[in-house]
Every structure is written in C-alpha cells, then in structure tokens.
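The lines below spell out each chain.
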Amino acid sequence: MNLHTTQRCGRYLLRIAAVAFLVGGMSIAPAVADDANDIRALLAQTWDKPDNRLAVDPVVIVEGNALASWTQGDRGGRALLRRDDGGQWKVVLCSGEPLRHASTLIATGIAEADAHALADRLNEAESKLPAEQARLFSTFEGVVHVAEDDHHGHSTPGGNDAPADNHSGKHHGH
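Here is a short report on the structure shown in this document. Worth saying up front: this structure is predicted, and the values here are computed from it rather than measured.

1. Overview of the side chain of aspartate 35
So, step 1. Locating aspartate 35 in the fold gives a position in helix α1 (residues 3–47).
So, step 2. Given a relative accessible area of 13%, aspartate 35 falls into the buried group.
So, step 3. Side-chain polar atoms of aspartate 35 contact the side chain of arginine 83, separated by 3.0 Å.
So, step 4. Only 3.3 Å separates the side chain of aspartate 35 from the side chain of tryptophan 89, close enough to count as a polar contact.
So, step 5. Sequence-distant contacts of aspartate 35, defined by excluding residues within four places in its chain, comprise Ile61, Arg83 and Trp89.

2. Considering the pairing of strand β3 (residues 75–83)
Within a regular beta strand, the side chains point alternately toward one face of the sheet and then the other, so they alternate between its two faces.
So, step 1. Bridging between strand β2 (residues 65–72) and β3 involves eight bridges; their strand directions are antiparallel. Across the sheet, leucine 67 pairs through a bridge with leucine 80, a residue of β3.
So, step 2. Counting the residues that bridge the hairpin from β2 to β3 gives two residues, and of these glycine 73 lies at a positive phi of roughly 65°.
So, step 3. Note that β3 and strand β4 (residues 89–95) share six bridges and pair antiparallel. Bridge assignment links alanine 79 to a residue of β4, and that residue is cysteine 94.
So, step 4. Connecting the antiparallel pair β3 and β4 is a turn made up of five residues, with glycine 87 showing a positive phi of about 90°.

3. What to know about helix α3 (residues 112–127)
So, step 1. Here α3 is 16 residues long and its end C-alpha atoms lie 22 Å apart, about the 22 Å a rise of 1.5 Å per residue gives.
So, step 2. Restricting attention to buried positions, one finds in α3 the residues Ala115, Leu118, Ala119, Leu122, Ala125 and Glu126. Looking straight down α3, one finds its buried side chains confined to an arc of 135°; they lie on one side. Turned more than 90 degrees off the buried face of α3, the exposed positions are Glu112, Ala113, Asp120 and Ser127.

4. Regarding the pairing of β2
So, step 1. By the criterion of burial, β2 is predominantly enclosed, with eight of the eight residues buried.
So, step 2. Along β2, one buried face is formed by Asn65, Leu67, Ser69 and Thr71 and the opposite face, lined by Ala66, Ala68, Trp70 and Gln72, is buried too.
So, step 3. Of the pairings in the sheet, the one linking strand β1 (residues 54–62) to β2 comprises seven bridges and is antiparallel in character. Residue isoleucine 61 lies in a different strand from β2, and its bridge partner there is alanine 66.
So, step 4. The loop that links β1 with its antiparallel partner β2 comprises two residues; one of these, glutamate 63, has a positive phi angle of about 55°.

5. Topic: the nonpolar core
So, step 1. Formed by 20 residues in total, the largest nonpolar core has its most connected members in Ile39, Leu43, Leu81, Val91 and Cys94.
So, step 2. Each residue touching valine 91, except ones within four places of it in the same chain, is listed here: Leu42, Leu43, Trp47, Ala79, Leu80, Leu81 and Val146.
So, step 3. Of all hydrophobic cores here, the second largest spans 14 residues; its members include Val60, Leu93, Leu99 and Ala102.

6. Some points on the packing of aromatic side chains
So, step 1. On inspection of all chains with the given rule, the structure shows one aromatic pair.
So, step 2. With a centroid separation of 6.0 Å and 90° between ring planes, the pair formed by tryptophan 70 and phenylalanine 140 is classed as edge-to-face. Placement of the pair is tryptophan 70 in strand β2 and phenylalanine 140 in the loop between α4 (131–136) and β5 (144–145), with a sequence separation of 70 residues.
So, step 3. Accessibility expressed as a relative area gives 1% for tryptophan 70, which makes it buried.
So, step 4. The exposure class of phenylalanine 140 is buried, given its relative accessible area of 3%.

Scoring rules and cut-offs
- Residues numbered from 1 in each chain as written.
- Predicted model: local features only at pLDDT ≥ 70, side-chain atom pairs only at ≥ 80, totals over all residues.
- Heavy atoms only, no water.
- Helix = DSSP H or I, 4+ residues; strand = E, 2+ residues; numbered from the N terminus.
- Buried < 20%, exposed > 50% of the residue type's maximum accessible area, 1.4 Å probe, protein only.
- Polar contact = N/O pair within 3.5 Å; in protein donor to acceptor, adjacent residues only side chain to side chain.
- Contact = heavy atoms within 4.5 Å.
- Pairing = 2+ DSSP bridges.
- Expected span 1.5 Å × (residues − 1).
- Arc of directions from axis to C-beta.
- Core = buried A, V, L, I, M, F, W, Y, C linked by side-chain atoms within 4.5 Å.
- Phe/Tyr/Trp six-rings, centres within 6.5 Å; stacked < 30°, edge-to-face > 60°.

This is how it looks when you write it as structure tokens:
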C-alpha cells in the first residue's frame, strides 16, 4: 500500500466510525423520546380532564427512573416514575418542591448517583421554561404515594383527586 491509499483508507474508516457513532446515538435518542412520550401519555390518561388539560414538560429520565413536571390549570406538580420489570412506566409518587432535591429521590430508593443526575437534569430543564410555568410545579403540597393498582385514585374522570387515606398534605389539583 502506498501513502495515498493508506490515507484514503484511514479517511474511509474514520467516516464509517463517525456514521456508526451517529447511528448508534440516534438509536438512543428515539428511545428516550419514546419513553418521555410514554410518560406523558400515562399521566394524561390518568389525570387529564376535558375541561382541565394536563400539560407535561419537562420529562427527564435516568436509568429506570423519571421525573415529569406538569401543570393543570393554575396548579402544577411533579411526578416520580419508575420503569417496572415489564418495561412499563409507573407513577411512584407525586409532589412539588421536594422532587427537585436528590435527598427526596434517594429516600425513595433511587441510587445516589442517579438521584443527583435526575435532580440536576430536572432543575436544568425547568430553568429553561418561563418563570411562571416553573413556579406552578411547586404548588403541589405534600407527598402523595401512588398505589400501584389505582393510579392515585383517578380511575374515573371527574372523580375525587385521591382518597383521603392515600396521601399526606393538602388536596391537590390533578
């Protein structure tokens, strides 16, 4: 092989490596986007009302855990979700300000490094939103642990927001 052929082969391999990297990266991005859309759909299916739509943004995901910030009318909050063994997202709890902090996430059993990554990503994503929208995420008072089988007591549209024995803190407006 002469020098010219070696250089061409090197450039060719570099291009292949770049394409492989981009294609590999692209396969991850749609998966994260699909997860975020699945989370939005789950929350909307559970709490959206025709006269009071649920808006979910941002959604941040680390490993099998996610935080989703939501607004509904003049209220808002955050939901912690976990992917179950079957790959489905489940709401673990709803809250407001506490879900911005890694210590709260660690208390739910999330590994320390993942908890810090989730909190950091959430805070960064929320910092890019209009201040009024971000303020609404902290209007949810208390912490509501969501029962696995009833999605926070919202099995029927227009029903009570949550059974009295299903949460601590004040009534909230999902």
